[in-house]
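# Geometric and topological summary
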Amino acid sequence: MNHLRLPFLILLLIIGGISTVQAQGTIRGKVNNGTTGDILQGATVRLVDPNGQVRGGAYTDLEGTYTIKTSAGNYSLIISYISYISDTINDVTLEDGQVVFNETLLVEETAANEELAVDIVGKRSRASTVAFDQQKKKSVNAIDGVTFDLVKRTGDANVAAAMQRVVGVTVQDGKYVYVRGLGDRYSQTLLNGADLPSLDPNRNTVQMDIFPSNLIDQVVVYKNFTPDLPGSFTGGLIDVRTKDFPDRPTINISASLGYNTNASLRNDILSDEKSSTDWLGYDNGKRDVPEIIGEPGSFLTSTNSNTDFDNATIFDQAIKSFQVPLHPIEGSSFLNQNYQISLGNQYNLSKNIDLGLVGSLSYRNTFGATNEGGNAFYTISGPNDRSLGAENDLTLGTNVGSQSVLWGTMAKASLKLFKNHKVSLNYLHNNSGDSQSRILNGIKPANTTPSYRSISVNYYERALDVFQLNGESVFGPLTVDYIGSLTTSSQNQPDQRLAAYRTDGGEFQFDQSEQLIAQRFFRQLQDQSADAKLNLKYDFSLGGNTGFVKAGGSYTQRTRVFTQRVFNYESEELRQAVDRIDWDGDPEDLFIDENSGIIGRDSIPERIDGQFVLVEVPLYGIILNERLTEASESQFDGTQDVIATYLMAELPISSRLKFVGGARYEYSTQVLLVTERGNRAVDQVYNDILPSANFIYAATEDMNIRLGYSRTLARPAFRELAQIQYIDYLGDFTEEGNPNLVRSLIDNVDLRWEWFFGLNELISVSGFYKVFQDPIVRTIITRNQNPSFTYVNQETANVYGIEVEFRKNLAFINEGLENLSIGGNVSLIQSEVQLEQDELDARRANFPGLPDTRPLFSQSPYAVNAELLYTEPISGWTGSLSYNIFGPRLIAAGATNSLDAYEQPRGLLNFSLSKRIKERWSIRFRANNILNPEYFSTTTLTPEIMGLEEGAFETQSFPFRSQGRRGQTFSLSVSYSIK
């Protein structure tokens, strides 16, 4: 719990400061360009009393903000800036101890007209709504994203839920974000501009559900590469930006309770025996490898404990020392819970020093359950078949229960020095614990007796700590910004338990030859990332048009250590135990102390001094041995270093056309060491030059046309490089890494037309085309008899698509609809990867008409988001109805006798309605997953795949994996805010 000390201290300091600040009166504000939304640094703000006397003033700083301290009274503010029309804010009433905040938009004299000048007061109150659109319009990159204001309106609990609304973005398993349909290897995640590692050993992308919504200010998705960004993204670069310098004292507190139709308020939900700290998202050691077992290699086995009763006793104690049972148990569930608190305050330490503090804490606890779903694997017997047969079908009886706990905290302290300098220290911690218990029933026809049951109990705990120091300084036309970040993350999987056995006709049996065994796994992933960046930007004017030159460098180092221990219950002893107790198939009756370790004494003949005598030996029941070879062959250490430097410029070609381009140089190394099999190492060095050239044409003040080219890259994951075998237990396939993989290079062409035609209104159309050199794809290992996969570099691949986004207020239909707006986006994407010739030949032996290409892994051919928003600021009503769906996406490549598996579309419909009560309270109702679709994936057999004409037989779909229906969730939340 040490992680909580620093954030709580800062939260207490903020609370104390909020009460302290009440002894002063303060006027704060922010000044922006009313046309472009740009910050106006150095604007003059004068404080005038009712007699017209100037009583004070200030200049805006590098963020366009100002602070004026004064006594209670009624004032006016006059805001002016060179070549802009001055603006006056009247009737600013200040009481003792009060903080008043105002936002101002100034209009350039050359752009002003009577209508715009009159409308400036109305725009001022809505400046925060359009800020992100203005950021999009002025950005040198094509960007999309979400802001805290949008998340607040829709009630999304975490960043992953909010990201589903971004054009071209799909979310897998409620946490993994894919941009433009590309897999996780083609995305990268930053936190406040610094690299953020994944917590999953099998994926490159960060689980976005670890960020509660109250921690973020905005999430920006970069769709095209410029040299000041990391070169290791192709689909999108996701930058999660946490809350920044507060303008005034703020407190936001919310609490939510939710009911899930599948999982809430049950006494029979499938569960795990919990530790006393599971409610905090981590195991207290109850699931750890028992201390008596010791380090790997020290665990005694029965082979040297037959006649030595001292060793046998230790062996017996070790077998019985595991604190949690192998099998799931029935437990109880409560309502889903979600609590959040965030605080912020600003202090004026002296005339030239301001201190801003922001802190937040959140906690979430949710349950899930289903009696549907399971896994299946269907294969073909030969090229003359017109149907597939079940290799296994574990969908004939399913029981799954889960619980997820996540809490997160953030504390940020920022100093503004002499108006032109800012430095911030940011700390973020997230901790999550996810448990899943599962029982699957079905058949495995390949077994001697096909009826089959699989049980598993999994617990994952993830922890993330981020320490960041960043700053910005302005020296006239020169801006310097920097960031140093240290991130440590871990994923611990203590005591994953698996068992599989036959269940035919009431006969229950284990058989190692048919992989009907019981095992315990203990896995740990430790990841550390250090990131340092420095950027220099020089603004200039050329022919009356502005531009800049930017240069910088960065150094990123990532280290990863993956270890595991594997313990097997020996099959022969399991069979004997089953026969001895006439087992009824309930694991709770088999894996107990009475049947394990020493269960009695026996006598065996032993030759002593030339004669055979009876020697007393222990009689063993179920025994457990550590599989040292199996464990050590799945461990690795990896290090990746990237040193980069870049030079880029924005050059005005005319008043409407500008060029943004340059190049980035990245020197990178990847070193991987597998701890066994001769310490097989990977040591790769790359020198990559990544060019970028973009043209931005401002057709009007509110319309841009963007055209660009860039080159990016994608590096293989550590796990894909490690030549170790590991099992995907969801699909029952074996995978093996490939140390010969090389990084992929991608040439990107992007075109976008965007029109910001009103406040919070826009339409944009984007097209893109990507050519991959040496793309990394998952393919079968043809030399293996059973389904087994590895990763290889293909020669080329192509991806192309179009994205459309729109947002429109409905007042154009009728003025009575001015509070109603619609929005949405559509992405249409196609991709092609050429199959390896060995794979193609092997598979066409059974599927003669199999295409020689397939889509990229996890690439959806389409994604649709639609939303209807209602906002009535006077009464405080806000509502939203949103719908999201994606096209079928490849999740598993087929084997020699099996077909590719695709996750099938599902429509997600959510509803949110909130009401502000007085000034500080609000209440919200949410209905999520209203349609309650099935989460499933299939394989499909068509006549064309078999080399036959269309209609030769009916197209058939076969189950592959299903998570059933997750149930509707209805929640009610109450929030309190001061600002």
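A short tour of the structure in this document, coming up.

## What to know about helix H7 (residues 571–581)
Residues of H7 that are buried: Ser571, Leu574, Ala577 and Val578. The arc that holds the buried residues of H7, viewed along the axis, is 120°, so those residues lie on one side. Among the structural elements, strand E25 (518–542), strand E26 (545–569) and helix H8 (587–590) are those in contact with the buried residues of H7. Once H7 finishes, Asp582 follows within two positions and takes phi at roughly 55°, a positive value.

## Section: the sheet that holds strand E5 (residues 73–80)
Spatially, E3-E2-E5-E6 is the arrangement adopted by the 4 strands of the open sheet, whose pairing is antiparallel. On the outer flanks of this sheet lie strand E3 (54–59) and strand E6 (87–94), each paired with one strand and no other. Neighbour-to-neighbour, the strand axes of the sheet open up by a mean angle of 25°, direction not taken into account. Two elements, strand E2 (residues 44–48) and E3, share 5 bridges in a ladder whose sense is antiparallel. Counterpart to Val45 in the pairing with E3 is Ala58.

## Some words on the nonpolar core
With 28 residues, the main nonpolar core has Met163, Val177, Met208, Phe211, Val219, Ile238 and Val240 as its most contacted residues. Those elements giving two or more residues to this core turn out to be helix H4 (148–154), helix H5 (159–163), strand E9 (169–172), strand E10 (176–179), strand E13 (216–222), strand E14 (236–242) and strand E23 (451–475). Counting residues per element, this core draws most heavily on H5, at 4 residues. Those residues in contact with Val219 that lie beyond four places of it in its chain are Asp144, Gly145, Val146, Val159, Met163, Ile238, Asp239 and Val240. In terms of nonpolar packing, the next biggest core, distinct from the first, is built from 26 residues, Ile293, Tyr501, Trp583 and Leu590 among them.

## Some thoughts on the pattern of salt bridges
One pass over the full model with this rule turns up 43 salt bridges. Here Asp702 makes a salt bridge to Lys137, at a shortest N to O gap of 3.1 Å. Of this pair, Asp702 sits in the loop between strand E32 (681–700) and strand E33 (703–714) while Lys137 sits in helix H3 (residues 127–138), placing them 565 residues apart in sequence. For Lys137, a relative accessible area of 7% corresponds to the buried category. Two residues, Arg843 and Asp900, come together in a salt bridge whose shortest N-O distance is 3.3 Å. Remark: Asp900 occurs in the loop between strand E45 (889–892) and strand E46 (901–903) and Arg843 occurs in helix H11 (residues 837–844); sequence separation between them is 57 residues. One network of salt bridges, with partners in common, ties together Lys136, Asp144, Arg180, Lys223, Arg706, Asp750, Arg752, Glu754, Glu803 and Glu805.

Rules used in this analysis
Numbering of residues starts from 1 in each chain and follows the order in which that chain's sequence is written. Whole-chain, interface and lining totals are the exception, using all residues; otherwise, since this is a predicted model, local features are given only for residues with pLDDT of at least 70 and side-chain atom pairs are given and counted only at 80 or more. Values reported for side chains reflect all heavy atoms of the structure, with hydrogen atoms and water molecules removed beforehand. Remark: exposure states derive from per-residue accessible area (1.4 Å probe, protein chains only) relative to the maximum for the residue type, with buried under 20%, exposed over 50%, and partly exposed in between. Put simply, DSSP marks the helices as runs of H or I at least four residues long and the strands as runs of E at least two long, and each gets a number from the N terminus on. By arc we mean the arc of the directions from the helix axis to the C-beta atoms, nothing more. What makes two residues a contact is simply this: any of their non-hydrogen atoms within 4.5 Å. Paired strands, in this sense, are two strands between which DSSP finds at least two bridges. Lines are fitted to the C-alpha atoms to define the axes, a helix being fitted only along its stretch in contact, and any angle between axes, read from their N-to-C directions, falls within 0 to 180 degrees. For this analysis, a nonpolar core means a set of buried residues of the types Ala, Val, Leu, Ile, Met, Phe, Trp, Tyr and Cys, connected via side-chain atoms within 4.5 Å. Every case where a carboxyl oxygen of Asp or Glu lies within 4 Å of a side-chain nitrogen of Lys or Arg is listed as a salt bridge.

On their own, these measurements won't tell you what the molecule is for.
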